[in-house]
Amino acid sequence: MVDITLPDSVTEIETKAFESCSSLETIQFGKSLNKIGEKAFYNCYNIKKIVIPKNVTSIGTEAFSGCSSMNEVYNLSSLNIEAKSTNYGYVGYYTNTIF
């Protein structure tokens, strides 16, 4: 599984849903997504880019921990995601800039 596109009907990604899916490189979230569970993408180290949709209000602990190739993070949500921070499940930890 290299690319995943989640439909707009998906509102939540469960805990550990894609944990250690090392072949995963890209994921596109649907517009209705509002929660990303704990360790949802833990150790998915080939993900390079992520776009957090505007409706996301919760990102679980370590949701993106181990995603060491992720160098592009686009935050469309109201969450205060910061580069090099472990907040919001490490989503900004591996990048220098949040777009």
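Look above for the structure.
Because the structure is a prediction, the values reported are computed rather than measured. (Residues numbered from 1 in each chain as written. Predicted model: local features only at pLDDT ≥ 70, side-chain atom pairs only at ≥ 80, totals over all residues. Heavy atoms only, no water.)

*Asks:* Explain the nonpolar core residue by residue, including any values.
*Replies:* Counting residues in each nonpolar core, the largest one holds 26 residues, and the members touching the most others are Ile 36, Phe 41, Ile 59 and Phe 64. Look past the residues within four positions of Phe 41 in its chain and what remains in contact with it is Ile 13, Phe 18, Leu 24, Ile 27, Phe 29, Ile 36, Ile 47, Ala 63, Phe 64, Ser 65 and Cys 67. (Core = buried A, V, L, I, M, F, W, Y, C linked by side-chain atoms within 4.5 Å. Buried < 20%, exposed > 50% of the residue type's maximum accessible area, 1.4 Å probe, protein only. Contact = heavy atoms within 4.5 Å.)

*Asks:* Requested: an account of the pairing of strand 5 (residues 49-52), with residues and values cited.
*Replies:* Side chains of strand 5 alternate between two faces, with Ile 50 and Ile 52 buried and Lys 49 and Val 51 left unburied. Strand direction decides the pairing type here: strand 5 and strand 7 (residues 72-75), joined by four bridges, are parallel. Following the sheet pairing, Lys 49 is matched in strand 7 by Glu 72. (Helix = DSSP H or I, 4+ residues; strand = E, 2+ residues; numbered from the N terminus. Pairing = 2+ DSSP bridges.)

*Asks:* Provide a residue-level description of unusual backbone geometry, including the pertinent values.
*Replies:* Non-glycine residue Lys 16 carries a positive phi angle of around 60°. Relative to the helices and strands, Lys 16 resides in the loop between strand 2 (12-13) and strand 3 (26-28). Overall, the relative accessible area of 45% leaves Lys 16 in the partly exposed class. The phi torsion at Tyr 88 lies on the positive side, around 55°, for a residue other than glycine.

*Asks:* Tell me what's going on with the sheet that holds strand 4 (residues 35-36), and back it up with residues and numbers.
*Replies:* Pairing is parallel across the open sheet formed by three strands, whose spatial order is 2-4-6. With partners counted over all chains shown, the strands left at the sheet margins are strand 2 and strand 6 (58-59), one partner each. Examined bridge by bridge, strand 2 and strand 4 share two bridges and lie parallel to one another. Looking at the pairing, Glu 12 lines up with Lys 35 of strand 4.

*Asks:* How would you explain the packing of aromatic side chains if you had to name every residue and give the values?
*Replies:* Summed over all chains, the structure comprises six aromatic pairs. Relative to Phe 64, the ring of Phe 41 has its centre 5.3 Å away and its plane inclined at 10°; by these criteria the two rings are stacked. On the criterion of sequence distance, the pair formed by Phe 41 in the loop between strand 4 and strand 5 and Phe 64 in the loop between strand 6 and strand 7 is long-range, its members being 23 residues apart. According to the relative accessible area criterion, Phe 41 is buried, its value standing at 0%. With a centroid separation of 4.8 Å and an interplanar angle of 25°, the aromatic rings of Tyr 74 and Phe 99 are classed as stacked. Of this pair, Tyr 74 sits in strand 7 while Phe 99 is found in the segment after strand 7, placing the two residues 25 residues apart along the sequence. Positioned above the aromatic ring of Tyr 42 is the side chain of Lys 39, whose terminal nitrogen or guanidinium carbon lies 4.8 Å from the ring centre. (Phe/Tyr/Trp six-rings, centres within 6.5 Å; stacked < 30°, edge-to-face > 60°. Lys NZ or Arg CZ within 6 Å of the ring centre and 35° of its normal.)

Structural measurements only, silent on function.
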